[in-house]
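# Observations on chain architecture
Here are the chains, one letter per residue:
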Amino acid sequence: MENESCRMCGGDGRVSNSFGGSSKTCPSCHGNGRRSIEPLFRDVTKTKSSHHHPSTKAAAPKPDAPTTFEGIKLANEVKASGLSDSVKSKLVREIMEYEGSHGRCTDTFSKKIRKQLR
Ligand SMILES: [Zn+2]
C-alpha cells in the first residue's frame, strides 16, 4: 500500500518544524506514516477561489462614487443635470461625504441636493 502513505510527511511519520533541524511526529498520521482516515488535507488545489489574494484587499482606495442605493441614485441625478462638471463633482463628493458620516443619504439630504439641480 505504498500510495496510502501520509501526504503530510510522505510516509516517514515525521515532519520538520519551521525552525529547521529537529523534526517532530507528524500530526497528520501521528507517526505511523499512513494516510489519515480523516480528510485533513483535501485536494486544496482543486477547490477554486479558496486561494487568498491579498493584493485585492490591500490598500482599498477611497471610493470615487457613492456606494448606497440612495447615493448612487442621487449621483446619477446630479450627473444627468445641466450643471457644470465642477459643480457636479462637488455635489457627488458631498453625497459621498454624507454617506460616509451618516451611513446613507436621508430624504432631507436628497431634497437638499435636488434643490441645487434646478
Ligand atoms: Zn504523516
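That block above? That's the structure.
Described in the following lines is the structure provided in the data block.

Conventions used here
Residues numbered from 1 in each chain as written. Predicted model: local features only at pLDDT ≥ 70, side-chain atom pairs only at ≥ 80, totals over all residues. Heavy atoms only, no water. Core = buried A, V, L, I, M, F, W, Y, C linked by side-chain atoms within 4.5 Å. Buried < 20%, exposed > 50% of the residue type's maximum accessible area, 1.4 Å probe, protein only. Helix = DSSP H or I, 4+ residues; strand = E, 2+ residues; numbered from the N terminus. Arc of directions from axis to C-beta. Contact = heavy atoms within 4.5 Å. Salt bridge = Lys/Arg side-chain N within 4 Å of Asp/Glu carboxyl O. Axes fitted to C-alpha atoms, helices over the stretch in contact; angles between N-to-C directions. Parallel < 35°, antiparallel > 145°, perpendicular 65-115°, else oblique. Nonpolar A, V, L, I, M, F, W, Y, C, P; charged D, E, K, R; others polar. Expected span 1.5 Å × (residues − 1).

### With respect to the nonpolar core
Leu-74, Ala-75, Val-78, Leu-91, Val-92, Ile-95, Met-96, Tyr-98, Cys-105, Phe-109, Ile-113 and Leu-117 together form the largest nonpolar core, which totals twelve residues. Elements represented by at least two residues in this core include exactly helix H2 (69-80), helix H3 (85-102) and helix H4 (107-117). Examining the composition of this core, we find that five residues originate from one element, H3, more than from any other. The next biggest cluster of nonpolar side chains, apart from the first, holds five residues, and it includes Cys-9, Val-15, Cys-26 and Cys-29.

### Comments concerning H4
Buried within H4 are the following residues: Phe-109, Ser-110, Ile-113 and Leu-117. Along the axis of H4, the buried positions cluster into a sector of 100°, meaning they face one direction only. Turned more than 90 degrees away from the buried face of H4, the exposed residues are Asp-107, Thr-108, Lys-111 and Lys-115. Contact partners of the buried residues in H4: H2 and H3.

### Things to note about the pattern of salt bridges
Working definition: two side chains of opposite charge can pair if their charged atoms are close together. Counted under the stated rule, the structure contains four salt bridges. Residue Glu-70 is joined to Arg-104 by a salt bridge in which the shortest nitrogen-to-oxygen separation is 2.7 Å. Linking Glu-70 in helix H2 with Arg-104 in the loop between H3 and H4, this pair joins segments that are 34 residues apart in sequence. On the basis of relative accessibility, which here comes to 41%, the residue Arg-104 falls in the partly exposed class. Across the pair Lys-90 and Glu-94 runs a salt bridge, and its minimum N-O distance is 3.8 Å.

### A word on the packing of H2 against H4
Two elements in contact, H2 and H4, have axes whose closest approach is 10 Å; the angle formed by their N-to-C orientations is 5°. Overall, the two elements H2 and H4 adopt an arrangement that is roughly parallel. Residues Lys-73, Leu-74, Glu-77 and Val-78 of H2 lie in contact with H4, whose contacting residues are Phe-109, Ser-110, Ile-113, Arg-114 and Leu-117. In terms of residue class, the contact of H2 with H4 is built from five nonpolar, one polar and three charged.

### Focus: H3
For H3, with 18 residues, the first-to-last C-alpha span of 25 Å sits near the 26 Å given by 1.5 Å per residue. Of all the residues in H3, the buried ones are Lys-88, Leu-91, Val-92, Ile-95, Met-96, Tyr-98 and Glu-99. All buried residues of H3 fall inside an arc of 160° around its axis, so they share one side. The exposed set on the far side of H3, more than 90 degrees from its buried face, consists of Ser-86, Glu-97, Gly-100 and Ser-101. Next to the buried residues of H3 lie H2 and H4. Once H3 ends, the next one or two residues include Gly-103, with phi positive near 85°.

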